[in-house]
Amino acid sequence: MTDDLLKEVHEAEFKILEAVDDLCRRHNITYTLYCGTLLGAIRHKGFIPWDDDIDLAMPYEDYKRFLEVAHELPAPYVMQNRWNTRAFHYVWSRVYADGTAYIKKGMKQPGDLHMGVWVDIYPFIGAAKSKKAQKLQWFLIECATASRTAELYRATGDAKKFSQKFMMHVPYWFRRFAGNLCLRLAVKDPEKCETKGTLDAAEFEGKYKRDDWKEWTTAEFEGREFPIPVNYDGMLRIMYGDYMKLPPEDKRCAHRDSNWIMDLHKDYREYLKEWNGN
């Protein structure tokens, strides 16, 4: 990815962040910069120079309130999750920007899944006491994901494994019911658990103490102040160890490779029309 393109991606994602921040302030919804975005705020006062995404996290009750008011996000921003989008297979939510493309080259029609530039929003949930029980939580989360991933495979026709092809033939109503039930069983009230974690792409575990994300301050990110935990040092050490130390140069790369198109001036639907002929 060229430096000019990465700069454009940063600008587009920052505008999404500003829209989310404005909405959260208006409704008194608590959230925090998270993962690489939190690291970027502390180490770089903005984006990690080679990073290409923004991560946010919310206490579970605030997350539910955010989902209720996300329709108030201004155009061109839209929120998608498993509750409002049939092909959305993640267990968290994303806010996308219409008029942009962040799409794999030659991709088939992905159902109603948005393929523009996004910001991830992860909810905190409580973690079971034992590691074995946390493994069960993760298994249930994986099942919830698989139930919707089948819908994406149905739309794109990309299923290769037998299990993927099999799931495509399971009725949608049953997969939706089973997936939602699995997620409901996996989600524990973080206020009633000693530790908690986030629903994200990594294997679930109770990495944080219950009160680690209850006291807030702010940090500068690209010239604007955003909320972060008071104990950001402890949180970043859990995530990254010696987080102020830069990684080796060969590890300083964006998440997506050359098989992906990032375009801030052309809507992903235009690419799909070209590739799918509709």
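Structure: see above.
Presented here is an overview of the structure given in this document. (Residues numbered from 1 in each chain as written. Predicted model: local features only at pLDDT ≥ 70, side-chain atom pairs only at ≥ 80, totals over all residues. Heavy atoms only, no water.)

1. As for the pattern of salt bridges
Scanning all chains against the criterion turns up 19 salt bridges. The closest approach of N and O atoms between Asp98 and Arg269, which form a salt bridge, is 3.4 Å. Placement of Asp98 in the loop between strand E4 (93-97) and strand E5 (101-104) and of Arg269 in helix H8 (residues 268-276) is noted, with a sequence separation of 171 residues between them. On the accessibility criterion, Arg269 (35% relative accessible area) is partly exposed. With a closest N to O distance of 3.2 Å, Asp233 and Arg237 form a salt bridge. Here the residue Asp233 and the residue Arg237 both occupy positions in helix H7 (residues 232-240), the gap between them amounting to 4 residues, near one helical turn. For Asp233, a relative accessible area of 30% translates into the label partly exposed. (Salt bridge = Lys/Arg side-chain N within 4 Å of Asp/Glu carboxyl O. Helix = DSSP H or I, 4+ residues; strand = E, 2+ residues; numbered from the N terminus. Buried < 20%, exposed > 50% of the residue type's maximum accessible area, 1.4 Å probe, protein only.)

2. Observations concerning the layout of surface pockets
Reported here for the largest pocket is a volume of approximately 670 Å³. The set of elements that each furnish at least two residues to the lining of the largest pocket consists of helix H2 (35-44), strand E6 (118-127), helix H4 (131-156) and H7. Its residues assigned to classes, the lining of the largest pocket comprises 19 nonpolar, 3 polar and 12 charged. Put simply, the second largest pocket is a space of about 460 Å³. (1 Å grid on protein atoms, 1.4 Å probe; cavity = no way out; pocket = protein on both sides within 12 Å on 5 of 7 lines; lining within 4 Å. Points joined across faces, edges and corners; volume = space filled by probe spheres on them. Nonpolar A, V, L, I, M, F, W, Y, C, P; charged D, E, K, R; others polar.)

3. With respect to helix H6 (residues 172-186)
Relative to the 21 Å expected for 15 residues at 1.5 Å per residue, H6 spans 21 Å between its end C-alpha atoms, a close match to the ideal helical length. What H6 keeps buried is the set Tyr172, Arg175, Gly179, Asn180, Cys182, Leu183 and Ala186. Buried residues of H6, seen end-on, are gathered within an arc of 160 degrees and therefore sit on one face of the element. Set apart from the buried face of H6 by more than 90 degrees, the exposed residues are Trp173, Phe177, Arg184 and Leu185. Residues of H6 that are buried sit in contact with E6, H4 and helix H5 (162-168). (Expected span 1.5 Å × (residues − 1). Arc of directions from axis to C-beta. Contact = heavy atoms within 4.5 Å.)

4. Here's the deal with the packing of helix H1 (residues 3-27) against helix H3 (residues 60-69)
The packing of two helices is summarised by the inter-axis angle and the distance between the axes. Where H1 contacts H3, the axes come no closer than 11 Å and their chain directions differ by 105 degrees. By the angle class used here, H1 and H3 are roughly perpendicular. Contact residues: H1 offers Val20, Leu23, Cys24 and His27, while H3 offers Arg65, Phe66 and Val69. For the contact of H1 with H3, the class distribution of residues is 5 nonpolar, 1 polar and 1 charged. (Axes fitted to C-alpha atoms, helices over the stretch in contact; angles between N-to-C directions. Parallel < 35°, antiparallel > 145°, perpendicular 65-115°, else oblique.)

5. Regarding the packing of aromatic side chains
Evaluated as defined, the whole model comprises 20 aromatic pairs. Ring geometry for Tyr102 against Trp118: centres 4.8 Å apart, planes inclined by 20 degrees, an arrangement best described as stacked. You can see Tyr102 sitting in strand E5 and its partner Trp118 sitting in strand E6, a full 16 residues away along the chain. No difference in accessibility class separates Tyr102 from Trp118, as the two residues are buried. Classification of Tyr102 as buried rests on a relative accessible area of 2%. Of the aromatic side chains, those joined through ring pairs into one cluster are Tyr34, Phe88, Tyr90, Trp92, Tyr122, Phe124, Tyr208 and Trp213. The ring of Tyr172 is capped by Arg86, whose NZ or CZ atom sits 3.7 Å from the centre of that ring. In this structure, Lys196 is placed above the aromatic ring of Phe124, and the distance from its NZ or CZ to the ring centre is 5.0 Å. (Phe/Tyr/Trp six-rings, centres within 6.5 Å; stacked < 30°, edge-to-face > 60°. Lys NZ or Arg CZ within 6 Å of the ring centre and 35° of its normal.)

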